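Okay, here's what each chain looks like letter by letter:
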Amino acid sequence: MMDCRPEQVVYMDNNATTRVAPEVVEAMTPFLSDFYGNPSSMHRFGGQVGAAVRKAREQVAGLLGAEPEEITFTSCGTESDSTAILSALQSFPDKRHVVTTRVEHPAIKNLCEGLDSLTGHKHRVTRLPVADDGTLDLEKYREALSDDTAIVSVMWANNETGVIFPIAEMARIAHEHGILFHTDAVQAVGKIPIDLNKLDVDFLSLSGHKLHAAKGVGALYVRRGTPFVPFLTGGHQERGRRGGTENVASIVGLGVACELAGANMEEENNTVRKLRDRLEEGLLKAVPKSMLNGHKTDRLPNTTNISFEYVEGEAILLHMDRYNICASSGSACTSGSLEPSHVLRAMGVPFTAAHGSIRYSLSTYNTEEEVDFVLEKMPPIIAELRAMSPFWKED
Amino acid sequence: MWEYTNKVQQHFLHPKNVGEIENADGTGEVGSLACGDALKLTIKVDGNEVITDAKFKTFGCASAIASSSVLTEMIVGMTLDEAAKVTNEDIAERLGGLPKEKMHCSVMGREALEAAIADCRGVILPMAEGEVVCECFGVTDLEVIRAINESSLRSVEEITNFTKAGGGCGKCEDRLREILIATVQVVPVDQLQQEKPKRMTTLQKIKKIEEALEREIRPGLRKDGGDIELVDVDGDFVLVSLRGACTSCTKSQTTLKEYVERKLRELVLDTLIVEEAK
């Protein structure tokens with residue numbers, strides 16, 4: 001089964017998931033073996049586990065500039081997103097309008113598309129368009145807000161292009177209109193500085209496995225005083241905000257991951273950005289008819305999304321896989337649907353390019369040697385596939 | 001990640017007959033950049049209408065490239081008449097199978113072959129004369145009907161897997177369902193599921209169960225020399241009697257629960273319990 005070993009791969013798919021940091025694994029292990037007590041128990045054996053969860057809550061809050069009681073642990077980013085949106089709609093049953101964007105992650109996109117059948121009420125959803133470089137028009141955003149708007153949900157950074165949205169300003173505008181603001185910050189947390197104390201953000205979603213913690217744990221920030229209706233009702237865990245016995249080990253790991261991210265953010269960002277830029281510049285130079293998707297500077301330091309025209313993404317990825325290079329594509333064939341990525345289409349990327357888009361997302365575990373290895377392998381892969389393409393004209 | 005057979009991987013990584021024949025006797029071009037896959041097939045024939053050479057150029061995913069490659073291998077040495085009989089199922093089979101969502105890649109191969117043969121003979125394909133049903137991928141009703149018949153498609157999802165029709169904006173789904181109903185003359189599976197009422201009278205149940213038995217269950221059992229008969233319906237209990245080879249089969253109880261009951265729950269009512277009549 002497991003025949004592709006971690007030490008063999010060049011892993012540049014960190015927006016999909018990340019390597020669990022060794023420090024995180026070390027912190028989690030005791031709670032998977034000896035310290036199995038229930039954090040809610042009255043006895044000390046469980047109580048000490050409760051203390052570990054408390055510490056993790058402080059660590060997560062610390063990274064976000066939030067108070068510990070504003071953090072609720074969940075199972076994933078998707079759960080956090082659903083909780084926030086559905087809570088707002090239930091808190092304001094008279095308001096049936098949601099403002100979001102055309103480039104959201106499926107966790108928000110599909111939730112908003114299905115609101116009517118999910119809630120049994122008719123909703124209006126405004127999906128803000130983006131420009132060619134993936135950025136938003138704030139004028140259109142202001143125009144979209146109305147008395148009927150229950151919540152605005154805008155991702156902090158896009159998973160496919162890394163483009164960063166002006167969340168501070170957008171949240172401020174929402175509050176000027178008395179509207180709740182949610183941000184899916186799954187790709188942003190740990191990669192860019194966030195200080196929620198200074199912002200008008202009411203809800204923020206994050207996911208552990210995108211920042212070197214384990215899969216199966218996420219968190220939702222809920223600003224103190226924000227009306228809240230739980231998504232999972234049950235026991236009194238998470239102060240009644242999310243029933244279900246805590247995923248202790250993963251929560252403890254998430255705490256450590258947040259602390260690591262906060263401690264090294266600037267330094268790591270500089271290293272990762274240098275590697276990303278080396279890769280990006282090298283590819284755009286070495287491969288003719290290649291182009292960058294997304295804004296060049298308003299972008300996460302680890303992400304680059306490049307289109308290689310006249311070739312198809314899945315074919316590129318499978319050739320890369322021969323060299324154990326891991327990345328993603330926005331092509332139709334990789335998604336299981338028949339259309340290329342909704343993000344690239346919203347940006348107006350031509351089909352000739354959208355089908356051949358590859359997303360490289362780096363982390364601090366990448367090295368310059370790996371970048372150079374990818375730079376060596378990519379041009380011949382693209383050339384070989386283009387030689388096979390009926391649309392490619394050598395000139 | 002798709003589960004591709006070794007054969008698909010071989011043909012994808014080391015494709016045969018890549019290129020374009022100069023002064024080809026027949027050229028078939030299908031698909032487009034917008035669609036995400038396209039194939040240009042060129043063939044050469046001798047005086048006896050035997051295909052002596054075939055080359056392809058493909059834009060698309062691994063299964064599109066592999067389907068094209070294996071197709072060129074298959075048809076060299078065939079007469080045009082023989083090649084005209086190659087179906088998409090033949091192409092997929094030669095590759096050891098394709099994931100169902102990728103079957104349209106094999107259909108693209110067959111379409112390019114047909115176009116190349118027609119070009120060779122100087123005739124116009126009827127497919128091009130059909131009415132476009134799916135605007136996103138430019139699929140005509142004739143192509144849809146042909147796929148339904150050739151590959152025994154029974155749901156809109158299957159039509160999408162094989163022809164791509166309905167895989168874009170999805171606006172043509174109702175039309176595809178109409179075509180499906182008109183072509184196979186029965187209510188398609190997904191329609192049946194949608195219409196599944198929560199409460200049914202015993203008479204309604206019997207009717208639905210009989211329908212499901214006849215269309216979905218009996219053909220499978222008959223293949224193995226068995227058969228099934230509906231004896232009675234009592235509330236949610238469905239009493240059946242197994243016939244033919246089924247009566248002596250040691251696996252008959254498993255068949256009853258795992259296959260018959262599951263199918264009936266899926267198609268008729270999800271509370272049904274199937275039992276063998278004594």
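Residues numbered from 1 in each chain as written. Chains lettered and ligands numbered in written order. Predicted model: local features only at pLDDT ≥ 70, side-chain atom pairs only at ≥ 80, totals over all residues. Heavy atoms only, no water.

**With respect to the UniProt feature "coiled-coil region" (unreviewed entry) in chain A**
Here comes step 1: Using the residue numbers shown here, the UniProt feature "coiled-coil region" (unreviewed entry) corresponds to residues 258-285 of chain A.
Here comes step 2: Helix makes up 100% of residues 258-285 of chain A and strand 0%, and the two end C-alpha atoms of the span are 36 Å apart. (UniProt positions renumbered as here; feature names shortened; annotations may be inferred. Helix = DSSP H or I, 4+ residues; strand = E, 2+ residues; numbered from the N terminus.)

**With respect to the interface of chain B and chain A**
Here comes step 1: Each side of the interface is counted separately: chain B has 32 residues, and chain A has 23 residues.
Here comes step 2: A buried area of about 2,100 Å², summed over both sides, lies between chain B and chain A, and 72% of it is on carbon and sulfur atoms.
Here comes step 3: Between the two partners, chain B and chain A, sit one salt bridge.
Here comes step 4: The salt bridge partner of Glu314(A) is Lys102(B), with a shortest N-O separation of 2.7 Å.
Here comes step 5: In this structure, the connection of chain B to chain A is made through five residue pairs in polar contact (both at pLDDT 80 or more).
Here comes step 6: When residues of the side of chain B that touches chain A are traced back to their parent elements, those giving at least two are α1 (6-13), β2 (37-45), β3 (51-59) and α2 (62-75) of chain B.
Here comes step 7: At four residues, the largest contribution of residues to the side of chain B that touches chain A is made by β3(B).
Here comes step 8: Split by residue class, the side of chain B that touches chain A holds 18 nonpolar, ten polar and four charged. (Contact = heavy atoms within 4.5 Å. Buried area = accessible area lost by both parts, 1.4 Å probe. Salt bridge = Lys/Arg side-chain N within 4 Å of Asp/Glu carboxyl O. Polar contact = N/O pair within 3.5 Å; in protein donor to acceptor, adjacent residues only side chain to side chain. Nonpolar A, V, L, I, M, F, W, Y, C, P; charged D, E, K, R; others polar.)

**Points about the side chain of Asn159(A)**
All names here are of chain A.
Here comes step 1: By secondary structure assignment, the location of Asn 159 is in the loop between β5 (149-153) and α7 (167-176).
Here comes step 2: Residue class for Asn 159 comes out buried when judged on its relative accessible area of 10%.
Here comes step 3: The contact partners of Asn 159, leaving out residues within four places of it in the chain, are Asn 15, His 105, Gln 187 and Arg 359. (Buried < 20%, exposed > 50% of the residue type's maximum accessible area, 1.4 Å probe, protein only.)

**Things to note about the sheet that holds strand β7 (residues 237-244) of chain B**
Residue and element names in this part refer to chain B.
Here comes step 1: One open sheet accounts for three strands, arranged β6-β7-β8; its pairing is mixed. Because the sheet does not close on itself, it has two edges, and the strands there are β6 (226-234) and β8 (273-276). Neighbouring strand axes in the sheet, compared pairwise and without regard to direction, differ in orientation by 35° on average.
Here comes step 2: In this fold helix α10 (residues 202-223) packs onto β6 and β7, with an angle of close to 165° to the strand it touches most, β6.
Here comes step 3: Docked against the sheet, helix α11 (residues 252-267) engages β6, β7 and β8, running at close to 145° with respect to β8. (Pairing = 2+ DSSP bridges. Axes fitted to C-alpha atoms, helices over the stretch in contact; angles between N-to-C directions.)

**Quick notes on the packing of aromatic side chains**
All names here are of chain A.
Here comes step 1: Evaluated as defined, the whole model comprises four aromatic pairs over all chains.
Here comes step 2: Ring centres 6.4 Å apart and planes at 50° place the aromatic pair Phe 31 and Phe 35 in the tilted group.
Here comes step 3: For the ring pair Tyr 36 and Phe 45, a centre distance of 5.0 Å and an interplane angle of 70° mean the geometry is edge-to-face.
Here comes step 4: For Phe 45, a relative accessible area of 31% gives the class partly exposed.
Here comes step 5: The lysine or arginine in question, Arg 19, covers the ring of Tyr 365, its NZ or CZ lying 4.3 Å from the ring centre.
Here comes step 6: When the ring centre of Trp 392 is taken as origin, the NZ or CZ atom of Arg 386, which lies over that ring, is 4.2 Å away. (Phe/Tyr/Trp six-rings, centres within 6.5 Å; stacked < 30°, edge-to-face > 60°. Lys NZ or Arg CZ within 6 Å of the ring centre and 35° of its normal.)

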